[in-house]
Amino acid sequence: MDWDRDRAVERTAQLLAHEDVVALFEARSDEDQLVGVASVYVDILSVRFGRRASIEDLAVHPEWRSRGVGSNLLAAARAWAHEQGADYVFLESGLARTEAHRFYRREGATHAAAAFRWSSER
C-alpha cells in the first residue's frame, strides 16, 4: 500500500485512542524533527505461543538510518510489549526488504514463519 499522509494521521489518532493495548514511540532529532516511529500492539493470546505483541510500524527516515534510531525504537517497543505481559514480539516484513531483515537479525530476531495475507477488496 502506498504512503498516504492524511490516512496516516487519521490512523495514528485512532491508534492513540486505544493506549491500553498499543504504544507509539517516536524518535526526534536535536532540531525536534520526527526521524523515526514504531507502533506496537498487544493483540492476541495464542494457545500455542502465549500473549503476542506485534510491531506494526517501524520506520526510520533514510538519512537517519545506521545511527541507532531503529535499534532504540525497537528496544522501546519490545520493552513495552514485555511490560504488558507479551510472551513474544512479532514483526512482519515484506520479502524485498533485505536490508531491514539483516537489521532485525542483528537485533536478535529469528526468521520464524512465512506470512500470508488476504486483503479486503475495495
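Refer to the structure above for everything that follows.
Remember, predicted model here, so these are calculated numbers, not experimental data. (Residues numbered from 1 in each chain as written. Predicted model: local features only at pLDDT ≥ 70, side-chain atom pairs only at ≥ 80, totals over all residues. Heavy atoms only, no water.)

### What about the pairing of strand E4 (residues 88-91)?
Logical step 1: With four bridges joining them, strand E3 (residues 50-60) and E4 adopt parallel strand pairing. Of the residues in E4, the one forming a bridge with Ser54 is Phe90.
Logical step 2: Regarding topology, helix H2 (residues 69-83) serves as the crossover connection from E3 to the parallel E4, and that connection is right-handed. (Pairing = 2+ DSSP bridges. Helix = DSSP H or I, 4+ residues; strand = E, 2+ residues; numbered from the N terminus. Right-handed = clockwise from strand over helix to strand, strands pointing away.)

### Looking at helix H3 (residues 98-106)
Logical step 1: Those residues of H3 lying buried are Ala100, His101, Phe103 and Tyr104. One side of H3 carries all its buried residues, which in axial view fall inside an arc of 160°. Structural note: H3 exposes Glu99 and Arg106 on the side pointing more than 90 degrees away from its buried face.
Logical step 2: Looking at the buried positions of H3, the neighbouring elements they touch are E3, H2 and E4.
Logical step 3: Directly beyond the C-terminal end of H3, a positive phi value near 100° is found at Gly108. (Buried < 20%, exposed > 50% of the residue type's maximum accessible area, 1.4 Å probe, protein only. Arc of directions from axis to C-beta. Contact = heavy atoms within 4.5 Å.)

### Regarding the nonpolar core
Logical step 1: By size, the foremost hydrophobic cluster in this structure holds 20 residues, and its most contacted members are Val40, Ile55, Leu58, Val69, Leu73, Trp80 and Ala81.
Logical step 2: Elements with a contribution of two residues or more to this core: strand E1 (22-28), strand E2 (34-46), E3, H2 and H3.
Logical step 3: The leading source of residues in this core is H2, at six residues. (Core = buried A, V, L, I, M, F, W, Y, C linked by side-chain atoms within 4.5 Å.)

### Considering the environment of Val40
Logical step 1: Residue placement: Val40 occurs in strand E2.
Logical step 2: C-alpha of Val40 to C-alpha of Leu74: the two residues are 34 residues apart in sequence and 9.4 Å apart in space.

### Some points on the sheet that holds E1
Logical step 1: With respect to topology, four strands assemble into an open sheet ordered E1-E2-E3-E4, the strand pairing being mixed. On the outer flanks of this sheet lie E1 and E4, each paired with one strand and no other. In this sheet, neighbouring strand axes are inclined to one another by 25° on average, regardless of whether the strands run parallel or antiparallel.
Logical step 2: In the sheet, E2 pairs with E3 via 10 bridges, with the strands oriented antiparallel. (Axes fitted to C-alpha atoms, helices over the stretch in contact; angles between N-to-C directions.)

### Some words on the packing of aromatic side chains
Logical step 1: Tallied over the full model, the rule gives two aromatic pairs.
Logical step 2: Taking the ring centre of Phe90 as reference, the NZ or CZ of Arg52 above it sits at 5.0 Å.
Logical step 3: We note Arg67 situated over the ring of Trp64; from NZ or CZ to the ring centre the distance is 4.2 Å. (Phe/Tyr/Trp six-rings, centres within 6.5 Å; stacked < 30°, edge-to-face > 60°. Lys NZ or Arg CZ within 6 Å of the ring centre and 35° of its normal.)

### A short note on H2
Logical step 1: The end-to-end C-alpha distance of H2 is 21 Å, a good match for the 21 Å that 15 residues give at a rise of 1.5 Å each.
Logical step 2: Those residues of H2 that fall on the buried side of the exposure criterion are Val69, Gly70, Leu73, Leu74, Ala77, Trp80 and Ala81. The arc that holds every buried residue of H2, seen down its axis, measures 130°, which confines them to one face. Exposed side of H2, more than 90 degrees from the buried face: Asn72 and Glu83 are the residues found there.
Logical step 3: Buried residues along H2 sit against E1, E2, E3, E4 and H3.
Logical step 4: Where H2 ends, the next residue or the one after it, Gly85, has phi of about 95°, a positive value. (Expected span 1.5 Å × (residues − 1).)

By themselves, these figures tell us nothing about what the structure is for.
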